[in-house]
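The primary structure of each chain is shown beneath.
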Amino acid sequence: MASVTYDHVTKRFGEVVAVNNLDIEIEDKEFLVLVGPSGCGKSTALRCLAGLEDISDGQILIGDKVVNDVSPKDRDIAMVFQSYALYPHMSVYDNMAFGLKLRKTPKDEIKRRVKEAAETLGIEELLDRKPRQLSGGQRQRVAVGRAIVREPKVFLFDEPLSNLDAKLRVETRANISKLHQQLKTTFIYVTHDQVEAMTMASRIAVLDAGLLKQIDTPQNLYDYPDNLFVAGFIGSPAMNFFPATLQQSDGKLIIDADSFNLEIPADRTAAYEGHVGKPIIFGIRPEDIINPEFAPPGITAQPVDTLVDITELMGNEIFLFLKAGKYEFVARVDPRTRVTIGEQMQLVFNMDNIHIFDRETELAIR
């Protein structure tokens, strides 16, 4: 078992900075997910840790050991790739045992490790099959099993679920979370899918353009995003944003978004008084835009007149694509809501869960 430290790590490809001054301490036995859009540097950061890319600046430590100049095979890590990278001519058993054979591990030890890994993953009956005889989910489990038998200090996963269908992704991410609990080893997992990140991680590191934008627990990232990028990236559908200004009227603080005005609850005004008259971005999540017929008791509700543009019935909820003046936004409302396209509808914004960002710096104001 081991901690992992990115100590001001930078990776350049010529003039392109793929990872920019990355500084993260990953605790022993933690499940950390690196998440962000394509090209944000998350896979490059993982490959640097694995030794598949040389870093340009900084240090990477596994435990207390700096591994900048340590070859990949000596870093005591195991990596599961998106493509699975199984040998097509070998059986499942031989695929799982191959790395151990290269290290001249005794045959009895190989047999024990492969058997235990297969039992953990529920693939004992597949050991004699070839990869072509397996489903995508089974191949993915074999790839994970090949990593498990090495009994590494750190497991690395590079988008391992992206080739699976939606149902299998849900099942497999639950299996990987269960595996982490069983093995009690450090997991570092790369994905562009923020649902995967939210459901699996102990902590999430959100990257954009090579920069670490925020690292925190999934719930804290969702409830308290530090900046506009994280607020828009975490959550599906994404948070709604409205350019606005803060105004003061009769001792009350008002969000003036042209098409509608919203009064900020009195117990939250202190944080925003220094930004009166300044341009801001007002943010609110779709689930905090509510049909007043089904509003929960005790919330601070402010009405907004909207026009229903599109409806999407999801069974347990309805997505409403709305217009209010020049703005378009999304609400996630109670499935009992009855509404038709083109209808004028008054909804309420739950002002207890609003987010306000400085328009210039894009940083959250709290």
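So, here's what we can say about the structure. From a predicted model like this one, the values you see are computed outputs, not experimental measurements.

The rules behind each value
- Residues numbered from 1 in each chain as written.
- Predicted model: local features only at pLDDT ≥ 70, side-chain atom pairs only at ≥ 80, totals over all residues.
- Heavy atoms only, no water.
- Helix = DSSP H or I, 4+ residues; strand = E, 2+ residues; numbered from the N terminus.
- Buried < 20%, exposed > 50% of the residue type's maximum accessible area, 1.4 Å probe, protein only.
- Contact = heavy atoms within 4.5 Å.
- Areas by Shrake-Rupley, 256 points an atom, 1.4 Å probe, with all protein chains shown as cover.
- Lys, Arg positive; Asp, Glu negative; His and termini not counted.
- Charge placed at Lys NZ, Arg CZ, Asp CG, Glu CD.
- Pairing = 2+ DSSP bridges.
- 1 Å grid on protein atoms, 1.4 Å probe; cavity = no way out; pocket = protein on both sides within 12 Å on 5 of 7 lines; lining within 4 Å.
- Points joined across faces, edges and corners; volume = space filled by probe spheres on them.
- Expected span 1.5 Å × (residues − 1).
- Arc of directions from axis to C-beta.
- Nonpolar A, V, L, I, M, F, W, Y, C, P; charged D, E, K, R; others polar.
- Core = buried A, V, L, I, M, F, W, Y, C linked by side-chain atoms within 4.5 Å.
- Axes fitted to C-alpha atoms, helices over the stretch in contact; angles between N-to-C directions.
- Salt bridge = Lys/Arg side-chain N within 4 Å of Asp/Glu carboxyl O.

Points about the overall build of the protein
Part 1: In terms of regular secondary structure, the protein is built from eight helices and 20 strands.
Part 2: The principal-axis extent of the C-alpha atoms belonging to the protein is close to 80 × 45 × 35 Å.
Part 3: Scored against the burial criterion, the 366 residues of the protein give a buried share of 48%.
Part 4: Taking the contacts inside the protein whose residues are at least 6 apart along the sequence as the reference set, 67% of them involve residues at least 24 apart.
Part 5: Approximately 17500 Å² of the protein is accessible, and the part contributed by carbon and sulfur atoms is 47%.
Part 6: Computed over 42 positive and 53 negative side-chain charges, the inter-centroid distance for the protein is 10 Å.

Things to note about the pairing of strand β6 (residues 77-80)
Consecutive side chains along a regular strand alternate between the two faces of the sheet.
Part 1: Burial along β6 is two-sided: Ile 77 and Met 79 and Ala 78 and Val 80, pointing in opposite directions, are all buried.
Part 2: In this structure, β6 lies alongside strand β7 (residues 154-158), joined through four bridges in parallel fashion. The residue of β7 that forms the bridge with Ala 78 is Phe 155.

What about empty space enclosed by the protein?
Part 1: Counted according to the given criterion, the structure contains one cavity of 30 Å³ or more.
Part 2: In this structure, the largest cavity spans a volume of roughly 40 Å³.
Part 3: Lining the largest cavity are Cys 48, Glu 53, Asp 54, Ile 55, Ile 60, Val 67, Asn 68 and Arg 75.

Topic: helix α3 (residues 107-121)
Part 1: With 15 residues, α3 extends 21 Å from end C-alpha to end C-alpha; this agrees with the ideal 21 Å at 1.5 Å per step.
Part 2: Within α3, the full set of buried residues consists of Ile 110, Arg 113, Val 114, Ala 117, Ala 118 and Leu 121. Down the axis of α3, the smallest arc covering the buried residues is 130°, so these residues share one side. Pointing more than 90 degrees away from the buried face of α3 are the exposed residues Asp 108 and Lys 111.
Part 3: The elements touched by buried residues of α3 are α2 (92-102), α4 (136-148) and α5 (166-183).
Part 4: Within two residues after α3, Gly 122 carries a phi angle of roughly 70°, on the positive side.

Examining the layout of surface pockets
Part 1: By volume, the largest pocket amounts to about 500 Å³.
Part 2: Lining of the largest pocket is provided by 20 residues; of these, Met 79, Phe 81, Arg 103, Arg 146 and Arg 150 occupy positions nearest its centre.
Part 3: A per-element tally of the lining of the largest pocket places α2 first, with four residues.
Part 4: Among the residues making up the lining of the largest pocket, the classes are represented as 15 nonpolar, one polar and four charged.
Part 5: The computed volume of the second largest pocket comes to approximately 290 Å³.

Remarks on the nonpolar core
Part 1: In terms of nonpolar packing, the biggest core is built from 44 residues, with Met 96, Tyr 189 and Val 206 touching the most fellow members.
Part 2: The next biggest cluster of nonpolar side chains, apart from the first, holds 32 residues, and it includes Phe 242, Leu 246, Tyr 327 and Met 351.

Some words on the sheet that holds strand β2 (residues 16-26)
Part 1: One open sheet holds the four strands; their spatial order is β2-β1-β4-β5, and the pairing between them is antiparallel. Here the strands that pair on one side only, and so sit at the sheet edges, are β2 and β5 (65-66).
Part 2: Two strands pair when backbone bridges link them, and strand β1 (residues 4-13) and strand β4 (residues 57-62) are joined in this way by five bridges, in the antiparallel orientation. Within β4, the position partnered with Thr 10 by the bridge is Asp 57.
Part 3: Each of β1, β2 and β4 touches helix α1 (residues 42-50); the most contacted strand, β1, lies at about 115° to it.

Quick notes on the pattern of salt bridges
Part 1: In total, this model carries 17 salt bridges according to the counting rule given.
Part 2: Between Glu 151 and Arg 113 there is a salt bridge whose closest N-O contact spans 3.8 Å. Placement of Glu 151 in the loop between α4 and β7 and of Arg 113 in helix α3 is noted, with a sequence separation of 38 residues between them.
Part 3: What makes Glu 151 partly exposed here is its relative accessible area of 42%.
Part 4: On the basis of relative accessibility, which here comes to 16%, the residue Arg 113 falls in the buried class.
Part 5: A salt bridge links Arg 332 to Glu 317; the shortest N-O distance between them is 2.9 Å. With Arg 332 in strand β18 (residues 327-333) and Glu 317 in the loop between β16 (301-313) and β17 (318-324), this residue pair connects regions lying 15 residues apart in the sequence.

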